[in-house]
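What follows is each chain in one-letter form.
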Amino acid sequence: MRSSGYRRTTVAAIAGTLTLVSLTACGSGGASSRGDGRTRITVNCEPPKSAKVDRRFFDADVAAFEDHNRDIEVVTHDAFPCQDPKTFDAKLAGGQMEDVFYTYFTDAGHVVDVNQAADITPYVKELKSYQTIQKQLRDIYTVDGHVYGIPRTGYSMGLIYNRSLFQKAGLDPDKPPTTWEEVRADAKKIAALGDSTVGYADYSAQNQGGWHFTAEMYSQGGDVVTADGRKAAVDSPAGHAVLQNLHDMRWNDDSMGSKQLLVINDVQQMMGSGKLGMYLAAPDNIPILVKEKGGNYKDLALAPMPGGKGTLIGGDGYMFNKHDTPAQIRAGLKWLDHMFLTPGKGFLGDYARAKKNAAPVGLPEPRLFTGAADAKDQQVKKANANVPVQNYQAFLDGNHNLDMKIEPPKAQQIYSVLDGVVSAVLTNKDADIDGLLREASGKIDGILARG
């Protein structure tokens, strides 16, 4: 799934006001070369006009790119969200994708399977930044040894917690829980503060419960599908442990509150109002909690996923239309380098510009690069930090020891099945955990068998 927001400065507040661009308006740019000899490319994921600051930055960066590359014209299409899962497949099938188009990590294999992506392997050597990008992210867009896309950003799940509530409950805010047993114990103490305070909250509706169940499985060394992606793996000791822990916190400890069937906005509201101790999320939740939900940066901290085994990663990137000419592929790679892949610069990396415009700088992700490129990016970020970076150090330190795992194939369909499992455990004290896992396993097998 997507993580929480569009970018640093614009998130869910604008979602309800926007209308999707029509499919016919978003198609490939047609001719690759203009009459003046310039190569023309269409790209998407331009911020919408209602996101004034992001739109201004994006357009300025595109203009600067064209100024430095007079032989390339970039035609941008705005959209929010950058990809709508409801229309994505229709655009693919109808040949309506831009020359360089946005995708979630989980889309890569599917786009290749339906033969809608250009093989950019021969051109990747021309992308200056390619070898500096984390290999595990590059591999997401590599199928059978061929490269079909470039990652733009990535996230990993962790545990957001309220330092103030930890202190009030007699817990050390500099020592967040590292195991699920510790999460349970800390949640119980926080809930004991009373005044409608909840120790730990989790999603259980709109596919978000299945998403978090998957993350919790990874944290305990489990998985939701087998390594070959053909069979369900939820009916396992790890699956049982995840559900038993949620059951016990909900019904034995009363540390999850009585209101269930929560989704991301509900939990963010609880955390922002200071009534929630902990929940699972990626770092980009933190500015939402402050800007939209009433939270304070000094109270919000981030720890790695409890359990110590693994965490769920996600993110996005760009792929290339199968009809692109070599000139368009080369132009698109240059554009990606300029916009997103130069440490400390560009739309996502110009931290000095972000700071001047009151956007949060210093969050621990995205962490796209390695080696000297990563060091440069982190140096510029640190120099412009305007949030309490010490609150996220545990997350950074702990992530080094975790297995980073992408979402499963057929993720949304699987999450829908697992939603029912999680919601049953959180709303029915006598839920049959083993029976729920067996039933879910059968349904997931059916989903995977359909290809």
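Each value, and the rule that gives it
Residues numbered from 1 in each chain as written. Predicted model: local features only at pLDDT ≥ 70, side-chain atom pairs only at ≥ 80, totals over all residues. Heavy atoms only, no water. Axes fitted to C-alpha atoms, helices over the stretch in contact; angles between N-to-C directions. Helix = DSSP H or I, 4+ residues; strand = E, 2+ residues; numbered from the N terminus. Parallel < 35°, antiparallel > 145°, perpendicular 65-115°, else oblique. Contact = heavy atoms within 4.5 Å. Nonpolar A, V, L, I, M, F, W, Y, C, P; charged D, E, K, R; others polar. Phe/Tyr/Trp six-rings, centres within 6.5 Å; stacked < 30°, edge-to-face > 60°. Buried < 20%, exposed > 50% of the residue type's maximum accessible area, 1.4 Å probe, protein only. pLDDT = per-residue confidence, 0-100. Disulfide = S-S within 2.5 Å. Core = buried A, V, L, I, M, F, W, Y, C linked by side-chain atoms within 4.5 Å. Pairing = 2+ DSSP bridges.

Asker: Is there a simple way to explain the packing of helix α6 (residues 180–191) against helix α8 (residues 237–252) in this structure?
Answerer: The axes of two packed helices give the description: the angle between them and the distance between them. Between α6 and α8, the least distance of the axes is 11 Å, while the angle of their chain directions is 10 degrees. Judged on the interaxial angle alone, α8 and α6 are roughly parallel. In contact with Trp180, Val183, Arg184 and Ala187 of α6, α8 contributes Asn245, Asp248, Met249 and Asn252. Counted by class, the contact of α6 with α8 contains 4 nonpolar, 2 polar and 2 charged residues.

Asker: Help me understand the packing of aromatic side chains in this model?
Answerer: Describing an aromatic ring pair means giving the distance of the ring centres and the angle of the ring planes. Under the defined criterion, the tally for this structure stands at 12 aromatic pairs. Taken together, a centroid distance of 6.3 Å and an interplanar angle of 70 degrees make the contact between phenylalanine 58 and tryptophan 335 edge-to-face. You can see phenylalanine 58 sitting in helix α1 (residues 52–68) and its partner tryptophan 335 sitting in helix α11 (residues 326–340), a full 277 residues away along the chain. Measuring from ring centre to ring centre gives 5.7 Å for tyrosine 318 and phenylalanine 340, while their planes differ by 15 degrees; the resulting arrangement is stacked. With tyrosine 318 in strand β11 (residues 310–320) and phenylalanine 340 in helix α11, the pair connects residues that are 22 residues apart, well separated along the chain. Each member of the pair, tyrosine 318 together with phenylalanine 340, is buried. Chaining the aromatic ring pairs together yields one cluster made of Phe58, Tyr102, Tyr104, Tyr318, Trp335, Phe340 and Phe347.

Asker: Please clarify how the confidence of the model for the protein should be interpreted in this entry.
Answerer: Where the model shows low pLDDT, its predicted coordinates should not be examined in detail. Averaged over every residue, the pLDDT of the protein is 91; residues scoring 70 or more account for 92%. Counting contacts from residues 5–27, a segment whose pLDDT is below 50, to residues more than four positions away or on other chains yields 64 contacts.

Asker: Got a minute to help me understand the state of the cysteines in this structure?
Answerer: Note on terminology: disulfide describes a covalent bond linking the sulfur atoms of two cysteines. Considering all chains together, one arrives at 1 disulfide under this definition. A sulfur-sulfur distance of 1.9 Å marks the disulfide that ties cysteine 45 to cysteine 82. Negative torsions about the S-S bond denote left-handed disulfides, and the value of about 55 degrees found for cysteine 45 with cysteine 82 makes this one right-handed. One end of the pair, cysteine 45, is in strand β1 (residues 39–46); the other, cysteine 82, is in the loop between β2 (72–78) and α2 (85–93), with 37 residues separating them in the sequence.

Asker: How should the environment of leucine 243 be read in this particular structure?
Answerer: On the secondary structure map, leucine 243 appears in helix α8. Under the relative-accessibility criterion, leucine 243 is labelled buried at 0%. Taking the C-alpha atoms as reference, leucine 243 lies 9.4 Å from glutamate 216; in sequence the two are 27 residues apart. Setting aside residues up to four positions removed in sequence, leucine 243 forms contacts with Phe213, Val421, Val422, Val425, Ile433 and Leu437.

Asker: Could you clarify how one ought to interpret the pairing of strand β3 (residues 100–104) in this entry?
Answerer: Side-chain positions along a regular strand alternate between the two faces of the sheet. Across the 5 residues of β3, 5 count as buried, placing the element largely inside the fold. Neither face of β3 is exposed, since Val100, Tyr102 and Tyr104 on one face and Phe101 and Thr103 on the opposite face are all buried.

Asker: I tried to follow the nonpolar core on my own but got confused; where do I start?
Answerer: Counting 76 residues, the largest nonpolar core has Tyr200, Phe213, Leu246, Met278, Tyr279 and Ile444 as the members making the most contacts within it. Ranked by residues supplied to this core, first place goes to helix α16 (residues 411–427) with 10 residues. In this view, leucine 246 contacts Tyr200, Asp202, Glu216, Met256, Val422, Val425 and Leu426; residues no more than four positions away in its chain are not counted. In terms of nonpolar packing, the next biggest core, distinct from the first, is built from 52 residues, Phe58, Ala118, Tyr318 and Ala373 among them.

Asker: Explain the sheet that holds strand β8 (residues 198–200) here, please?
Answerer: Sheets are built from strands that pair by backbone hydrogen bonding, the pairs being arranged parallel or antiparallel. One open sheet holds the 4 strands; their spatial order is β8-β9-β7-β10, and the pairing between them is mixed. Both outer strands of the open sheet, β8 and β10 (300–304), are each paired with one neighbouring strand and no more. Neighbouring strand axes in the sheet, compared pairwise and without regard to direction, differ in orientation by 25 degrees on average. Here α6 sits on the sheet and contacts β7 (158–162), β8 and β9 (276–281); the angle it forms with β8, its principal contact strand, is near 175 degrees.

Asker: Any chance you could explain the pairing of strand β6 (residues 149–156) here in plain terms?
Answerer: Most of β6 sits out of view: 8 of its 8 residues are buried. Sheet topology note: the β6/β11 ladder contains 7 bridges and is antiparallel. Looking across to β11, one finds that serine 156 is bridged to isoleucine 313.

Asker: Would you mind showing me how to read unusual backbone geometry here?
Answerer: Outside of glycine, negative phi angles account for most residues, and trans bonds account for most peptide bonds. Look at the link from glutamate 365 to proline 366: it is a cis peptide, with omega at 5 degrees. Assignment of secondary structure puts proline 366 in the loop between α13 (351–356) and α14 (371–383). A positive phi angle, near 65 degrees, is found at alanine 358, a position not held by glycine. Take alanine 358: it is sitting in the loop between α13 and α14. Its identity as a non-glycine residue notwithstanding, lysine 410 has a phi of 55 degrees, on the positive side. Position of lysine 410 among the secondary structure elements: in the loop between β12 (403–406) and α16. By relative accessible area, lysine 410 is classed as partly exposed at 33%.

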